[in-house]
Amino acid sequence: MGKVLIIGAGGVGTVVAHKMASLPDVFSEIMLASRTKSKCDAIAERIGKDRIQTAQVDADNVPELVELINSFQPDIVVNVALPYQDLTIMDACLETKTAYLDTANYEPIDEAKFEYKWQWAYQERFKEAGITAILGCGFDPGVTSIFTAHAAKHHFDEIQYLDIVDCNGGDHGKAFATNFNPEINIREVTQKGKYWENGQWVETEPHEIHRPLNYPNIGARESYVIYHEELESLTKNFPSLKRARFWMTFGQEYLTHLRVIQNIGMAGIEPIMYEGKEIIPIQFLKAVLPDPGDLGENYTGETSIGCRIRGLKDGKEKTYYVYNNCKHQDAYNETGAQGVSYTTGVPATIGAMMYLQGLWKKPGVFNVEEFNPDPFMEQLNKLGLPWIEQHDVDIEL
Ligand code: NDP
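The shown structure was predicted, so the numbers you read here are calculated from the model rather than taken from an experiment.

## Things to note about the nonpolar core
Among the nonpolar cores identified, the biggest contains 106 residues, and Ile6, Ile7, Ile30, Leu32 and Val78 are the most heavily contacted of them. At nine residues, the largest contribution of residues to this core is made by helix H13 (residues 339–356). No fewer than three residues from each of domain 1 (2–135) and domain 2 (143–335 + 387–391) sit in this core. With residues near it in sequence (within four places) discarded, Ile7 still touches Ala33, Ser34, Val57, Ala59, Val77, Asn79, Val80, Ala81 and Ile89.

## Some thoughts on the sheet that holds strand S1 (residues 2–7)
Strand pairs in the sheet, formed through backbone hydrogen bonds, run parallel or antiparallel to each other. In spatial order, the strands read S3-S2-S1-S4-S5-S6-S17; together these seven strands make up an open sheet with parallel pairing. Every other strand in the sheet has two partners, leaving strand S3 (52–56) and strand S17 (364–367) as the edge strands with one partner each. Taking the axes of each pair of neighbouring strands and ignoring which way they run, one obtains an average angle of 20° across the sheet. Across four bridges, the pairing between strand S6 (residues 132–135) and S17 is parallel.

## Here's the deal with the site of the ligand
Residues in close proximity to the ligand total 34 residues, the closest being Gly8, Gly10, Ala59, Gly138 and Phe180. Every element with two or more residues in the shell around the ligand is listed here: helix H1 (11–21) and H13. Looking at side-chain class alone, the shell around the ligand contains 15 nonpolar, 14 polar and five charged residues. Two domains each donate at least three residues to the shell around the ligand, and these are domain 1 (2–135) and domain 2 (143–335 + 387–391).

## So, the UniProt feature "domain: Saccharopine dehydrogenase-like C-terminal" (unreviewed entry) in the protein chain
Per the UniProt annotation, the sites labelled "domain: Saccharopine dehydrogenase-like C-terminal" (unreviewed entry) are residues 138–384. Helix makes up 34% of residues 138–384 and strand 30%, whereas the separation of the span's terminal C-alpha atoms amounts to 14 Å.

## A few points about the UniProt feature "domain: Saccharopine dehydrogenase NADP binding" (unreviewed entry) in the protein chain
Within this numbering scheme, the UniProt entry marks residues 4–134 as carrying the feature "domain: Saccharopine dehydrogenase NADP binding" (unreviewed entry). Between the end C-alpha atoms of residues 4–134 the distance is 14 Å, and the span holds 42% helix and 21% strand.

## Focus on the domain arrangement of the protein chain
The domain boundaries assigned to the protein chain delineate domain 1 (2–135) and domain 2 (143–335 + 387–391). Taken together, the contact between domain 1 and domain 2 spans 13 residues of the former and twelve residues of the latter. In terms of residue class, the side of domain 1 that touches domain 2 is built from six nonpolar, five polar and two charged.

## Digging into unusual backbone geometry
Backbone torsion omega between Asp140 and Pro141 reads 10°, so that peptide bond is classified as cis. Mapped onto the secondary structure, Pro141 falls in the loop between S6 and helix H7 (143–154). Even without being glycine, His207 reaches a positive phi, approximately 60°. Checked against the element boundaries, His207 lands in the loop between strand S9 (200–204) and strand S10 (210–215).

## Description of helix H14 (residues 373–382)
Think of an α-helix as 3.6 residues a turn; residues three or four steps apart then line up on the same face. Every buried residue of H14 is listed here: Pro373, Phe376, Met377, Gln379 and Leu380. Taken end-on, H14 shows its buried residues confined to a sector of 165°, consistent with a single buried face. Of the exposed residues in H14, the ones pointing more than 90 degrees away from its buried face are Glu378, Asn381 and Lys382. Buried residues along H14 sit against H7 and H13. Positioned one or two residues after H14, Gly384 has a phi angle of 110°, which is positive.

## What to know about helix H10 (residues 252–263)
Between the first and last C-alpha of H10 there are 16 Å, a value that for twelve residues agrees with the 16 Å anticipated at 1.5 Å per step. Once H10 ends, the next one or two residues include Gly265, with phi positive near 85°.

## A look at the pairing of strand S2 (residues 27–34)
When you tally the buried positions in S2, you get six out of eight residues, the bulk of the element. Looking at chain direction, S1 and S2 are connected through six bridges and run parallel. If you follow Leu5 over to S2, its bridge partner there is Met31. Handedness of the β-α-β unit built from S1, H1 and S2 comes out right-handed. Relative to S3, S2 is paired through five bridges, and the arrangement is parallel. Pairing of Leu32 across the sheet is with Thr54, part of S3. Each parallel crossover has a hand, and for S2 linked through helix H2 (residues 37–47) to S3 it is right-handed.

## Overview of the environment of Lys37
Its place among the elements puts Lys37 in helix H2. Expressed as a C-alpha distance, the spacing of Lys37 and Gln56, which sit 19 residues apart in the sequence, is 4.9 Å. With residues near it in sequence (within four places) discarded, Lys37 still touches Thr54, Ala55 and Gln56.

Basis of the calculations
- Residues numbered from 1 in each chain as written.
- Predicted model: local features only at pLDDT ≥ 70, side-chain atom pairs only at ≥ 80, totals over all residues.
- Core = buried A, V, L, I, M, F, W, Y, C linked by C-beta atoms within 7 Å.
- Buried ≥ 20, exposed ≤ 12 C-beta atoms within 10 Å, placed from the backbone.
- Helix = DSSP H or I, 4+ residues; strand = E, 2+ residues; numbered from the N terminus.
- Domains from an automatic or database assignment.
- Contact = placed C-beta atoms within 7 Å.
- Pairing = 2+ DSSP bridges.
- Axes fitted to C-alpha atoms, helices over the stretch in contact; angles between N-to-C directions.
- Near = placed C-beta within 6 Å.
- Nonpolar A, V, L, I, M, F, W, Y, C, P; charged D, E, K, R; others polar.
- UniProt positions renumbered as here; feature names shortened; annotations may be inferred.
- Arc of directions from axis to C-beta.
- Expected span 1.5 Å × (residues − 1).
- Right-handed = clockwise from strand over helix to strand, strands pointing away.

This is the structure we're talking about:
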């Protein structure tokens, strides 16, 4: 039994609040706080039964966060606001000696660059304070990292080649929309590609490497090598990896829109003057794009995300594929959010559960693959993200 403070009332926060509210034996008291309190109230009302308390907070402001944490006294803070708030929320957790969990690594607002170095720099301070920080506990990063840890623990003596494959085979019926926060999403997918090979990073032009890959229940989809944050921690925590890549599917329509958006400067993060007022193009773009939280109702199809691994077992080469498929409509029927929010919010809920049950509790700052994957994998099956594993199959890569 524990008290949890959720920060961020977007698509992912909606799912976390729903899932936690359905688990009263684990989450006895829940508070949902965000910049816009009315969004928290609407989610709490939909859940009903006074399960969720709500509050307004500016998570860029450490004293405000400290005041809220001190008044509610949670056992853990679950950060599902934006990556820009990671460090301020970690600062507030340190000051109040409260555990911390997030789903995306820190990114400075004025530089489209995400890296773990800023959060890993908190390691000694969290250790000294005797509190736990759990980093990257969504689906990717999160479940993909735990899938890798599970494979390394149970199925390989040495994992050598890792390909994380992320397919959204869904259709939301819009000409262009992103599945999570548009600003963060566009910053991520327009970056140069990068993967790990033979002890070093290899950089590519954006979307330079691509090929069709077959996804269970979906079929062949063009898949592109992009840089994704879990590659940084996985290559550090599994040094036997000779190569690690991340593949994501994009449709031609999506890529065309993205190219136009970039070419006309709408993905820019530098302020420009508009009618005497400073605006940031990508933030303006976010305001006119569909809200990812509203995509759920007419979203059909499913996501398929997993890890394809090659390595050695008992001196022989072995292949292994572990994945989850999630239907957008099932996610919507259960929580009112689409599949991408669902596949992020459920793992964040399970991570907080692991902490409260004392299974993932140690002083310091950790990526999820540094904890025991077994109880987490068990909960994925119970809480709506069942996984399937295949041994010695053609993994195409
Ligand atoms: P949304 O944009 O839908 O929601 C973000 C929420 O955070 C909004 O409610 C927003 O408030 C709130 N917020 C933003 N800034 C502040 C602030 N300064 N103080 C308080 N609240 C604030 O995003 P998503 O729900 O789609 O994504 C949430 C997080 O999940 C992101 O960090 C994203 O990168 C991560 N993610 C991780 C994935 C994974 O698999 N690991 C996959 C998908 C997402 P307001 O409503 O006022 O704007």
